[in-house]
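Coordinate inspection notes
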Amino acid sequence: MIVTIDGVAASGKSSVSSGVAQALGVPYVSSGLLYRAVTLLGLNAGADLADPSALLPLLSPVRLEPLASGNRVWNADHDLSADLHSTRVDGGVSTVAALPEIREWVDAQLRALPAPLVAEGRDMGTNVFPHAPHKFYLTASPRVRAERRARERPEDIPAIEAALTERDRQDTTQSAPAPDARIIDTGPLTLQGVIDTILNDLR
Ligand SMILES: Nc1ncnc2c1ncn2[C@@H]1O[C@H](COP(=O)(O)OP(=O)(O)O)[C@@H](O)[C@H]1O
Ligand SMILES: Nc1ccn([C@@H]2O[C@H](COP(=O)(O)OP(=O)(O)O)[C@@H](O)[C@H]2O)c(=O)n1
């Protein structure tokens, strides 16, 4: 069984997916971490983030480890996970994610993982796992999302809100909800409330 949980930036995808996956006793998979890892490696190599031929040669040692407690991304034996949520990576990741060659590489990594799993990102329900029987799409207003993320980042709320809105704009192409996804406005709900809404729907 595959459950897909897509949504806009900082809508709660990874926290909700982790909670749902733990309740189901299956791994969850964070596709955004792979786009973030490509971006980090590109930045560290001084590569042009809009040039797939500069990025693809960096990717053969990259591997996603979908642990139930939180996903990790490895570059050979180096754990990249702690460096993937910086403002620097946030600023470049949508450029990388717009490249069809990079999307193909990410999709292949994800489709190679064994089910059952919970997959979260932008296009899990539309493109990567279109036949998944259970699809969800999380939303919340930009202000609510910025307030949540401000608890995790040093920047102030207006700066975070502007960056989130800009990333949503750049990610529009791959961010449409699947026609058969249940859309959940997480704004009025607690994290546990969102997790319970999904688990109730699955039962
Ligand atoms: N419904 C909710 N109510 C309050 N906080 C939430 C809710 N959903 C998520 N959060 C918090 O918002 C932050 C962003 O969630 P995260 O899972 O990182 O989102 P995404 O994976 O979509 O970027 C986290 O600190 C998370 O705990
Ligand atoms: N399935 C996906 C997942 C992420 N992404 C890209 O990767 C970036 C980071 O995704 P993420 O899910 O880690 O970001 P947050 O929403 O957690 O901030 C997004 O802004 C998109 O550019 C994508 O294009 N498709």
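So, here's what we can say about the structure. (Residues numbered from 1 in each chain as written. Chains lettered and ligands numbered in written order. Predicted model: local features only at pLDDT ≥ 70, side-chain atom pairs only at ≥ 80, totals over all residues. Heavy atoms only, no water.)

1. Focus on the environment of Asp77
Its place among the elements puts Asp77 in the loop between β4 (70-75) and β5 (78-79). Taking the C-alpha atoms as reference points, Asp77 and Val62, separated by 15 residues in sequence, lie 9.3 Å from one another. (Helix = DSSP H or I, 4+ residues; strand = E, 2+ residues; numbered from the N terminus.)

2. Considering the site of ligand 1
Neighbouring ligand 1 are 15 residues, the closest being Lys13, Ser14, Ser15, Glu152 and Leu189. Separating a nitrogen atom of ligand 1 from a backbone N or O atom of Leu189 is a distance of 2.9 Å. Considering ligand 1 on its own, with 560 Å² of exposed area, one finds that the protein chains cover 82% of that surface. Among the elements that line the shell around ligand 1, the one with the most residues is helix α1 (residues 13-24), at three residues. Residue composition of the shell around ligand 1, by class: five nonpolar, six polar and four charged. (Near = heavy atom within 4 Å. Polar contact = N/O pair within 3.5 Å; in protein donor to acceptor, adjacent residues only side chain to side chain. Areas by Shrake-Rupley, 256 points an atom, 1.4 Å probe, with all protein chains shown as cover. Nonpolar A, V, L, I, M, F, W, Y, C, P; charged D, E, K, R; others polar.)

3. A short note on the site of ligand 2
Taken together, 19 residues sit near ligand 2, with Arg36, Arg149, Arg167, Asp171 and Gln174 positioned nearest. At a separation of 2.7 Å, an oxygen atom of ligand 2 approaches a polar side-chain atom of Arg36. Looking at the shell around ligand 2, the elements with two or more residues in it are α2 (31-44) and α4 (87-97). At four residues, the largest contribution of residues to the shell around ligand 2 is made by α2. Across the shell around ligand 2, the residue classes break down as six nonpolar, five polar and eight charged.

4. Re the pattern of salt bridges
For the structure shown, the criterion picks out 10 salt bridges. A salt bridge links Arg169 to Glu166; the nearest nitrogen and oxygen atoms lie 2.7 Å apart. Taken together, the positions of Arg169 and Glu166, both in helix α8 (residues 157-170) and three residues apart, correspond to about one turn of that helix. Using a relative accessible area of 54% as the deciding quantity, one classes Arg169 as exposed. The class of Glu166 is partly exposed, set by a relative accessible area of 33%. (Salt bridge = Lys/Arg side-chain N within 4 Å of Asp/Glu carboxyl O. Buried < 20%, exposed > 50% of the residue type's maximum accessible area, 1.4 Å probe, protein only.)

5. Thoughts on the pairing of β4
As paired elements, strand β3 (residues 62-67) and β4 share six bridges and run antiparallel to each other. Note on β4: the bridge partner recorded for Leu64 is Val73. Two successive antiparallel strands, β3 and β4, enclose a turn made up of two residues. Pairing of β4 with β5 involves two bridges; the strand directions are antiparallel. Note on β5: the bridge partner recorded for Asn75 is His78. In textbook terms, the turn of a hairpin is the stretch between consecutive antiparallel strands, and for β4 and β5 this stretch comprises two residues, one of which, Ala76, has a positive phi near 55°. (Pairing = 2+ DSSP bridges.)

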